[in-house]
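Breakdown of the fold
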Amino acid sequence: MGDIQLQNTLTGRKESFTTLHPGEVRMYTCGPTVYDFAHIGNFRTFVFQDLLRRFLKSEGYRVVQVMNLTDVDDRIIANAAAAGIGIGEYTEKYALAFLEDCRTLNLEPAEQIVRATDHIDDMVALIRRLSEKSFTYPSDGSIYYRISKFPDYGKLSKIDLSGIQAGARVEVDRYEKADARDFALWKSPKPGEHFWETPIGPGRPGWHIECSAMAMKYLGETLDIHTGGVDLTFPHHENEIAQSEAATGKPFARFWLHAEHLIVEGEKMSKSLGNFFTLRDLFAKGYKPSAIRYLLASVPYRSQLNFTMAGLQQAASSVERLRNFVTRLKTERFGAGQSEAIADRLHQAEEEFRAGLADDLNTAQAFAAIFDLVRDVNTAIDRGEFRQGDVAATLAAMESFGSILAVLKDDDAQKLAALGFGSSEAPLTDVEIEQLVADRQAARKRRDFAAADRIRLQLADRGIILEDTRDGGVRWKRK
Ligand SMILES: [Zn+2]
C-alpha cells in the first residue's frame, strides 16, 4: 500500500491516509433520502465514492462501507400524506429505483445498505445516552440537542457561533448556517403523522441522529472515512459529529471527504429552469450509462462539475475510444516478439494512473494517463512497432484501469433495455451477432455483395456496427 493523500474537510488539509484497523477501511456514506428519484448531482457524489472504494481495494485494502437510505424525514412524511399512503409504501418504489440506478452506473454495492426505519431502537438508545450526559432537553414532547454543551460544535463547517442565542431551536431537518440552533433529535408527532411508540415517548427521529446511530452500530465509534456531498457539511455532518462525539467522547470520523456541487450548462440545477435530470431522464434522451458514469467521474470530486450535453457526447466518444482500443488489441494480429519500449510505456502509464488517484483522487490526471497510453500504443501499432507478445500486458493494463473506471464492458444496450429504454426488440446476443457476421463473411466470399450489405444493414438496425480489419477479417461492436 503506497501513500494516498486525501483532502480532509475536518482539518482543511491534504493528509496521508491511514486506517484505524490494519488493512481495513471503515467508511460511511450518507445515502439518498428516498422521497423521489435521485438526480445526477446525487450520483456525482455516489460515483466519487465508488471510485474511492475501488481505488482503495486496488491498493490492497479491505473496504467495509455502510450506506443508509433515509426513509423517514420531513419531506417523505409530507409526500406520503399527500399521496394518502404509508411512508413504507411511498419510499419502497424510490429505494428500489435508487438501487437499480446504482447497478446501471456500475456502482459497487456497499457492504451494508441500511434503512433508517429499521434502526429506530438504535436511535432511541443513542438519544438516551446523550440525555444521561445532559446534552439534551425536552420541549413540547420533542427532544433537542443543546449545542452550547458541545464546545467543538462547528469544527467541521468552520461556522461562527458568536451570534447564536443559547436555547434557540430549529425544528426542520435542513437549514442554513445562519439558523444554527439547537436541533431536534426526536420529534413529537403532529396530528396524522407517522410515529413510533418508544421509551422516550411517541415520535420519530430527526434526520441527523439516523446517521450517527447507524454508522456507529456497524462501523464502531470511530470511522476511517465519512463521505457525502458538500451540501451535507452543515448542518447534517456537523450535527452527526456533535451527537456521536458527545455520546462516546471519541473522534467520530477521522477523514471527512466531500464532493463538490454539480451544475448543469453553467447553472444551478433546478426543476424550474428545466435543467434538472435524473438518470432516467437522460436514458430517455438516448444517453448511455457508461457516458454518464465517465462524465461524472472525470472531474476531480473537489471541483465543481459543469454537466453539459456536449460534455456527455464527448464522454461517450472517450468511452468508445477505450473500447475500440481493446477491440483492436484483441482482433488484430501483430508481428512476433515483444517490445521493451511498450513494456516501459505500460509501466509508466500505470504509475501515472496510480499517482493521479493517490493525489486526492485526481481523476483528470489519472484518466489522462490512460488516453496518453492509448494514443502512444495506437501510434506504435500503426508503425509496426507493437508485437504480438505485447498484447497480454497491454490488455492487463487496460483491465486494471477498467477495474476502477468501470466503463469498458460494452453492456449499455442491455442495461437500457432492462430499464425499458432503447430498442423495443430484445438486444441481439453475442452468439446471434457472431452468426450474422459469419453469414455476411460467407456472402462476401461468394461475391454476393447485395446479401452482405443486407446483413450489415440488419445489424446496424439493431445497433451493431461492423468494422473491416486490415487483415480481411471483421470486428463488431454495439453502438
Ligand atoms: Zn447522513
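Residues numbered from 1 in each chain as written. Predicted model: local features only at pLDDT ≥ 70, side-chain atom pairs only at ≥ 80, totals over all residues. Heavy atoms only, no water.

1. Focus on the coordination of the zinc ion
C30 (SG), C211 (SG) and H236 (NE2) make up the full set of protein donors to the zinc ion, lying at 2.0 to 2.2 Å. Each donor residue of the zinc ion lies on one chain, and together they are spaced C-x180-C-x24-H. Of this pair, C30 sits in the loop between strand 3 (24-29) and helix 1 (40-58) while H236 sits in helix 6 (residues 233-248), placing them 206 residues apart in sequence. Using a relative accessible area of 6% as the deciding quantity, one classes C30 as buried. Residue H236 is classed as buried on the basis of its relative accessible area, which comes to 1%. (Donors = N, O, S within 2.8 Å, 3.2 Å for Na, K, Ca; no water. Helix = DSSP H or I, 4+ residues; strand = E, 2+ residues; numbered from the N terminus. Buried < 20%, exposed > 50% of the residue type's maximum accessible area, 1.4 Å probe, protein only.)

2. Quick word on helix 8 (residues 289-298)
In an α-helix there are 3.6 residues to a turn, and that puts residues three or four apart on one side. With ten of ten residues buried, helix 8 is to be regarded as a mostly interior element. Taken as a whole, helix 8 has its buried residues at P289, S290, A291, I292, R293, Y294, L295, L296, A297 and S298.

3. Observations regarding the environment of V124
Checked against the element boundaries, V124 lands in helix 4 (residues 120-132). Residues within four places of V124 in sequence aside, it is in contact with W186, T198, P199 and I200. (Contact = heavy atoms within 4.5 Å.)

4. Digging into the sheet that holds strand 14 (residues 267-268)
Spatial ordering of the open sheet is given by 14-13-15, a layout of three strands whose pairing is mixed. Sheet topology places strand 14 and strand 15 (305-307) at the edges, where each strand pairs with a single neighbour. In this sheet, strand 14 lies alongside strand 13 (residues 262-264) in antiparallel orientation, the contact comprising two bridges. The residue bridging I263 from the neighbouring strand is K268, located in strand 14. Where helix 1 meets the sheet, its contacts fall on strand 13 and strand 15, and the angle it forms with strand 13 comes to roughly 140°. (Pairing = 2+ DSSP bridges. Axes fitted to C-alpha atoms, helices over the stretch in contact; angles between N-to-C directions.)

5. Observations regarding the nonpolar core
Ranked by internal contacts, the top residues of the largest apolar core, which has 137 residues, are F43, Y145, I225 and F307. Here this core takes ten residues from helix 11 (residues 363-382), the largest share from any one element. In this view, F307 contacts I40, L262, I263, V264, E265, L282, L295, L296 and L312; residues no more than four positions away in its chain are not counted. Among the nonpolar cores identified, the runner-up in size contains nine residues, and I433, L436, V437 and I455 belong to it. (Core = buried A, V, L, I, M, F, W, Y, C linked by side-chain atoms within 4.5 Å.)

6. Considering the environment of K250
Within the fold, K250 resides in the loop between helix 6 and strand 12 (253-259). Relative accessible area serves as the criterion here: at 41%, K250 is assigned to the partly exposed category. Setting aside residues no more than four positions away along its own chain, K250 makes contact with E221, T222 and E245.

7. Describing the packing of helix 8 against helix 9 (residues 309-331)
At a minimum axis separation of 8 Å, helix 8 and helix 9 run at an interaxial angle of 105°. Considering their axes alone, helix 8 and helix 9 lie roughly perpendicular with respect to each other. Between helix 8 and helix 9, the residues in contact are S290, A291, I292, Y294 and L295 and G311, L312, A315, A316, S318, V319 and R323, respectively. (Parallel < 35°, antiparallel > 145°, perpendicular 65-115°, else oblique.)

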